[in-house]
There are 2 protein chains.
Amino acid sequence: MNATKIFLNEQDMPKQWYNLAADLPKPPLPPLGPDGNPVSPDMLAPVFPMNLIEQEVSTQRWIDIPEKVLELYNLWRPSPLYRAKRLEEYLGTPARIYYKNEGVSPAGSHKPNTAVAQAYYNKEFGIKRLTTETGAGQWGSALSFACALLGLECKVFMVRISFDQKPYRRLMMETWGGKCIPSPSSETNAGRKILEENPDTPGSLGIAISEAVEAAVTDPTGGTRYSLGSVLNHVMLHQTVIGLEAKKQLKLAGESKVDIVIGCAGGGSNFAGLSFPFVADKINGADIEIIPVEPSSCPTMTKAPFSYDFGDTAEMTPLLPMHSLGHKFVPPPIHAGGLRYHGMAPLVSHAIELGLLSPRAIHQLECYEAAMIWARTEGFISAPETSHAIAATIQEAKRAKEEGKEKVIILNWSGHGLMDLTGYEAYMNGKLFDYPLPEEEIKKSIATMAHLPKPSLA
Amino acid sequence: MNATKIFLNEQDMPKQWYNLAADLPKPPLPPLGPDGNPVSPDMLAPVFPMNLIEQEVSTQRWIDIPEKVLELYNLWRPSPLYRAKRLEEYLGTPARIYYKNEGVSPAGSHKPNTAVAQAYYNKEFGIKRLTTETGAGQWGSALSFACALLGLECKVFMVRISFDQKPYRRLMMETWGGKCIPSPSSETNAGRKILEENPDTPGSLGIAISEAVEAAVTDPTGGTRYSLGSVLNHVMLHQTVIGLEAKKQLKLAGESKVDIVIGCAGGGSNFAGLSFPFVADKINGADIEIIPVEPSSCPTMTKAPFSYDFGDTAEMTPLLPMHSLGHKFVPPPIHAGGLRYHGMAPLVSHAIELGLLSPRAIHQLECYEAAMIWARTEGFISAPETSHAIAATIQEAKRAKEEGKEKVIILNWSGHGLMDLTGYEAYMNGKLFDYPLPEEEIKKSIATMAHLPKPSLA
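Residues numbered from 1 in each chain as written. Chains lettered and ligands numbered in written order. Predicted model: local features only at pLDDT ≥ 70, side-chain atom pairs only at ≥ 80, totals over all residues. Heavy atoms only, no water.

Colleague: I would appreciate a short explanation of the environment of Pro80(A) in the present structure.
Modeller: Examined against the element boundaries, Pro80(A) turns out to sit in the loop between helix H3 (67-73) and strand E4 (81-83). The exposure class assigned to Pro80(A) is buried, which follows from its relative accessible area of 7%. (Helix = DSSP H or I, 4+ residues; strand = E, 2+ residues; numbered from the N terminus. Buried < 20%, exposed > 50% of the residue type's maximum accessible area, 1.4 Å probe, protein only.)

Colleague: Is there a simple way to explain the interface of chain A and chain B in this structure?
Modeller: Accessible area lost on assembly of the parts is the figure often given for the size of an interface. In this complex, chain A contributes 47 residues to the contact, which on the side of chain B involves 47 residues. Summing both sides of the interface, chain A and chain B together bury roughly 4,100 Å²; the carbon and sulfur share of this comes to 60%. For Glu425(B), the salt bridge goes to Arg170(A), with nearest N and O atoms at 3.4 Å. At the junction of chain A with chain B, the criterion picks out 20 residue pairs in polar contact (both at pLDDT 80 or more). Broken down by secondary-structure element, the contributors of at least two residues to the side of chain A that touches chain B are H3, helix H6 (138-150), helix H8 (167-175), helix H16 (364-377) and helix H18 (421-428) of chain A. Top contributing element to the side of chain A that touches chain B by residue count: H8(A), with 6 residues. (Contact = heavy atoms within 4.5 Å. Buried area = accessible area lost by both parts, 1.4 Å probe. Salt bridge = Lys/Arg side-chain N within 4 Å of Asp/Glu carboxyl O. Polar contact = N/O pair within 3.5 Å; in protein donor to acceptor, adjacent residues only side chain to side chain.)

Colleague: Looking at this structure, how should I read helix H2 (residues 50-57) of chain A?
Modeller: When we look at burial in H2(A), the residues that qualify are Asn51(A), Leu52(A), Ile53(A), Gln55(A) and Glu56(A). Contacts from the buried residues of H2(A) go to strand E2 (16-18), helix H1 (41-44), strand E3 (62-64), helix H5 (112-124) and helix H11 (233-239) of chain A.

Colleague: What should I look at first to understand the pattern of salt bridges in this one?
Modeller: For side chains of opposite charge, pairing can occur when their charged atoms come near one another. Residue and element names in this part refer to chain A. Summed over the entire model, instances satisfying the criterion amount to 46 salt bridges over all chains. Here glutamate 406 and arginine 96 are joined by a salt bridge, their closest N and O atoms 2.9 Å apart. Of this pair, glutamate 406 sits in the loop between helix H17 (386-403) and strand E15 (408-413) while arginine 96 sits in strand E5 (residues 96-101), placing them 310 residues apart in sequence.

Colleague: How do you make sense of the environment of Leu195(A) when you look at a structure like this?
Modeller: All names here are of chain A. As for its placement among the helices and strands, leucine 195 is situated in helix H9 (residues 189-197). Placed 29 residues apart in sequence, leucine 195 and threonine 224 show a C-alpha to C-alpha distance of 24 Å. Not counting chain neighbours up to four residues away, the residues in contact with leucine 195 comprise Pro184, Ser185 and Ser186.

Colleague: How should the sheet that holds E5(A) be read in this particular structure?
Modeller: Whenever strands of a sheet pair, they do so through backbone hydrogen bonds, lying parallel or antiparallel. Residue and element names in this part refer to chain A. Taken in spatial order, the 7 strands of this open sheet run E1-E4-E5-E15-E10-E11-E14, and their pairing is mixed. Strand pairing shows two members of the sheet lacking a second neighbour, strand E1 (5-6) and strand E14 (360-362), which therefore form its edges. Here 3 bridges tie E4 to E5, and the two strands are oriented antiparallel to one another. In the sheet register, arginine 83 faces E5, and the bridge partner there is tyrosine 98. (Pairing = 2+ DSSP bridges.)

Colleague: Would you mind going over the relation of the copies chain A and chain B with me for this structure?
Modeller: Note on the chain copies: they are related by a rotation about an axis and a translation along it. Under the fitted operation, chain A is carried onto chain B by 0.0 Å of movement along the axis and a turn of 180°, and the coordinates agree to an RMSD of 0.0 Å. On the angle and the small slide along the axis, the relation comes out as a two-fold axis. Of the C-alpha atoms belonging to chain A, the one lying closest to the rotation axis is found on Val104(A), 3.2 Å away. A shared interface surface links the copies, since 100% of the contact residues of chain A are contact residues in chain B too. (Least-squares fit on C-alpha atoms with pLDDT ≥ 70 in both.)

Colleague: It is not clear to me how empty space enclosed by the protein should be interpreted in this structure. Could you clarify?
Modeller: Space left empty within the atom packing is revealed by a probe, the size of a water molecule, rolled over the atoms. Enumeration according to the criterion identifies 6 cavities of 30 Å³ or more in this entry. Each pocket or cavity is described by its volume, and for the largest cavity that value is around 260 Å³. Taken together, 22 residues make up the lining of the largest cavity; nearest its centre are Gly103(A), His416(A), Gly103(B), Val104(B) and His416(B). Here the second largest cavity defines a volume of roughly 140 Å³. Surrounding the second largest cavity, 18 residues form its lining, Phe7(A), Pro80(A), Val104(A), Pro80(B) and Val104(B) being those nearest its centre. Across the lining of the second largest cavity, the residue classes tally to 14 nonpolar, 2 polar and 2 charged. (1 Å grid on protein atoms, 1.4 Å probe; cavity = no way out; pocket = protein on both sides within 12 Å on 5 of 7 lines; lining within 4 Å. Points joined across faces, edges and corners; volume = space filled by probe spheres on them. Nonpolar A, V, L, I, M, F, W, Y, C, P; charged D, E, K, R; others polar.)

Colleague: How should I be thinking about the sheet that holds strand E15 (residues 408-413) of chain B in this particular structure?
Modeller: Residues and elements named next belong to chain B. Spatially, 7 strands are ordered E1-E4-E5-E15-E10-E11-E14 in an open sheet, and the strand pairing comes out mixed. Because the sheet does not close on itself, it has two edges, and the strands there are strand E1 (5-6) and strand E14 (360-362). As judged from the 5 bridges shared by strand E10 (residues 260-264) and strand E11 (residues 289-295), these two strands associate in the parallel manner. For isoleucine 262, the partnering residue across the bridge sits in E11 and is isoleucine 291. Contacting E1, strand E4 (81-83), strand E5 (96-101) and E15, helix H12 (residues 241-252) crosses the sheet at an angle of about 140° to E5. Together, E5, E14 and E15 form the strand contacts of helix H16 (residues 364-377), whose direction differs from that of E14 by roughly 85°. (Axes fitted to C-alpha atoms, helices over the stretch in contact; angles between N-to-C directions.)

Colleague: Before we go on, may I ask you to explain the pairing of strand E6 (residues 129-134) of chain A in this structure?
Modeller: Residues and elements named next belong to chain A. Judged by how many residues are buried, E6 sits mostly within the fold: 5 of 6 residues are covered. Examined bridge by bridge, E6 and strand E7 (residues 153-159) share 6 bridges and lie parallel to one another. Within E7, the residue paired with leucine 130 across the bridge is cysteine 154. Each parallel crossover has a hand, and for E6 linked through H6 to E7 it is right-handed. Pairing geometry for E6 and strand E9 (residues 224-226), over 3 bridges, is parallel. Paired with threonine 131 across the bridge in E9 is tyrosine 226. (Right-handed = clockwise from strand over helix to strand, strands pointing away.)

Colleague: Looking at this structure, how should I read the packing of H18(A) against helix H8 (residues 167-175) of chain B?
Modeller: Describing two packed helices takes the angle between their axes plus the distance from one axis to the other. It is at 10 Å that the axes of H18(A) and H8(B) come closest, and there the two elements cross at 50°. On the basis of the axis angle, H18(A) is oblique to H8(B). Seen from above, H18(A) lies across H8(B) with left-handed handedness. Along the contact surface, H18(A) presents Leu421(A), Thr422(A), Tyr424(A), Glu425(A) and Met428(A), while H8(B) presents Tyr168(B), Arg170(B), Leu171(B), Met172(B), Glu174(B) and Thr175(B). Grouping the constituent residues of the contact of H18(A) with H8(B) by class yields 6 nonpolar, 2 polar and 3 charged. (Parallel < 35°, antiparallel > 145°, perpendicular 65-115°, else oblique. Left-handed = near helix turned anticlockwise from the far one by under 90°.)

Colleague: How do you make sense of the domain arrangement of chain A when you look at a structure like this?
Modeller: Residues and elements named next belong to chain A. Domain annotation of chain A identifies domain 1 (5-10 + 65-108 + 234-449) and domain 2 (26-62 + 110-229). Between domain 1 and domain 2, the C-alpha centre-to-centre distance is 23 Å. Domain 1 puts 40 residues into the contact, and the matching count from domain 2 is 41 residues. Together domain 1 and domain 2 conceal approximately 3,500 Å² of surface at their shared face, both sides included; 67% is due to carbon and sulfur atoms. (Domains from an automatic or database assignment.)

Colleague: It is not clear to me how the nonpolar core should be interpreted in this structure. Could you clarify?
Modeller: For soluble globular proteins, nonpolar side chains are generally found buried alongside one another. One finds Trp17(A), Tyr73(A) and Val348(A) to be the most contacted residues of the largest nonpolar core, which totals 120 residues. Counting residues per element, this core draws most heavily on H6(A), which supplies 9 residues. Counting residues in each nonpolar core, the second largest holds 84 residues, with Ala391(A), Trp17(B), Ala119(B) and Met419(B) among its members. (Core = buried A, V, L, I, M, F, W, Y, C linked by side-chain atoms within 4.5 Å.)

Colleague: Hey, could you run me through the pairing of strand E12 (residues 306-310) of chain B in this one?
Modeller: Consecutive side chains along a regular strand alternate between the two faces of the sheet. Residue and element names in this part refer to chain B. With respect to burial, E12 is a largely interior element, 5 of its 5 residues being buried. Burial along E12 is two-sided: the face carrying Phe306, Tyr308 and Phe310 and the face carrying Ser307 and Asp309 are both buried. Pairing between E12 and strand E13 (residues 319-323): 5 bridges, direction antiparallel. Residue pairing for E13: aspartate 309 is matched across the bridge by leucine 320.

Colleague: What am I meant to see in the side chain of His388(A) here?
Modeller: The topology assignment puts His388(A) in helix H17. Leave out the neighbours within four places in its chain, and His388(A) touches Cys264(A), Val293(A), Glu294(A), Pro295(A), Ala336(A), Leu339(A), Ile362(A) and Cys367(A).

Set out below in structure tokens:
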């Protein structure tokens, strides 16, 4: 078969998610509370519904996808697998390049894979309203979409500077019935305190998380919970539908072996979604190179230690065992907003520690150059985050050419960039820059975690 | 089968376009030159390549889709057919509602179906560069995309007010390598003349057409041609791949009969694309209601006569036999920019005259209300043009409920609205209005065609 695009029939859609925690040679480490002791499920109950907390700590290998979630997934899933033939021709590579197109979802990215699942479990648990934070708006729009389809209210605290600069993302949320407010807001203690001190603050993801959590746990009716779009184990779990579909589609395309798996990684969820089913093969002895790609300006995986650290700037979350640049780290203003996070999903970090992954960092100019080539060969305009996966793919395709090897490469095309065209404008006008980070700055930021417990997989 | 989404395998993609001209009970009427005599193919040669002119006048029923066009179509085709189950439930209708999702193309609409074909035929004919005009930017971005993939240069004259107001559409064109310039420009005589008279003009589609045609025919190398995104016969032809796919998919969905076919119509191409294969069935006796939907503020099909009229404001094009409000008609500022055209495709107009279609006009508030319901049930955010098809679908679904009939309805979901969210904002803020047209104004505009020849199908 020599198709450009490989569909999967609805009846072949995976009916279970894959949980990497079941197969890791060393069991995942627990999050810790402020006292340094493991956080118990009960302690998380005011924040998340118990059914999601159970998923968060589960070590069961396969977890059934509820019928209703499958029905909603079917709006855009199974997502097509493409063969990037025009890119291959352009590069003159002997590699065969495949990509999963997650941009076909109504919100335009992979985010709805977990948004729909989280909204479903909250609804099942009797929750009426979800709160969350969003930076550039990808996650806030995905959760608003999911809440619309499941009949939940949704309140999104959007970082003020993005709220002002990206009105289209806000309008997507509102079209789906979500309530989007700039953060810091006067609706929470955390927000009011910051506004008093600094009325003109542009806001930050850390502040927005604090507000969203506060808004959830202080609802006197108890009908509100908080939802997170990446980092946590249950989020990685929900995304594995991507990789499970991809495996079936590669088989349909006649590929019996995959050599390289690539995804961009900010909090880690789209990368984990595609790669974890392949990580399982690698644990079982398969010869696969699995590459999470991050911005050189926010080198969590390539330059930061595996440490316990807070998930947010304000130190409200439990301590998570992860690669972290330090929770006060403020990354340079690169356009890939979704990759500007100081930490990395504990499960991804864990797999890195076990030597299962080969992280790579790339600067944004190379990523935009790759995205331009992609647009003019494969036709689709990529999200700035996704461009990191494309840049690494091009590096690997060139290497295959040099080595004269017919490698099979698969990447996760995690979303379209139609709402992010200002980055392309800056690139085309020569106004885009790389932001090399001084080693000293990285060291200084990492030092802020010196007093925190160190995780050990020994 | 009870699927939400019906795929079609690549090998089942239609290999030929369907030409309605072959089956019309009365043959199509020719365009006329300024002297009132039919325009010969030779006269069009400076504007279009001869292979497309041949398609324009062809009465052959089936026309092979070139291999290369099929290969490019496969980037987003076959497009999925959806069952709008959640909308059906919301409306409590016994109707079964299906929609073709043309928003999955890289440009986000049906426009690439003809853009790719036109770029291909021009390239085959040895043309190096295409010019075109664009209003809101849907067509300009689709042609830029097609030219990028086929290695042609592309120059787009974009109506200045849209150029200023919609930078994202321009950025899409530039990302694909298209050159987008505000019209009127100083690059053409037509543009310079208007700028001299009125340096601050917001521009118009009529002016932009004049500039694009002039830029094509005055290229001294002879390597440039003009491309049009709707109205013409060959454009309708290329779009029929939508309806041909839909027929196969409806069969896969277990539907043996369709009762109602719906599409929005500005120049007519997305409507023709879905409906013409069903019009053929109707000509052969099938009992189908086929509804092109237009804005009440630009009631070309429902209030204007079948007349010969110019395609552009500046009277540079041949006279086309079509429903027209008069080529000087300036429609009110509704958000559905793609439906603000004074005329209608000659083939669609012809089918209306023969009683094969049942045109309908709807005001924009009802359309936005329909689009909001759609976003919160089906999940996708619709283009303002597409919302007209949705509004008519809801009208028909409600009628089926009143009548207690299990009708099968199919509509063309012609594109997403992610670049057009300001219309949604105005709607949600109560700042959107209908624009009822005084009968007198319509009469006055129609009267401007009094001196032009009248087509007759008698």
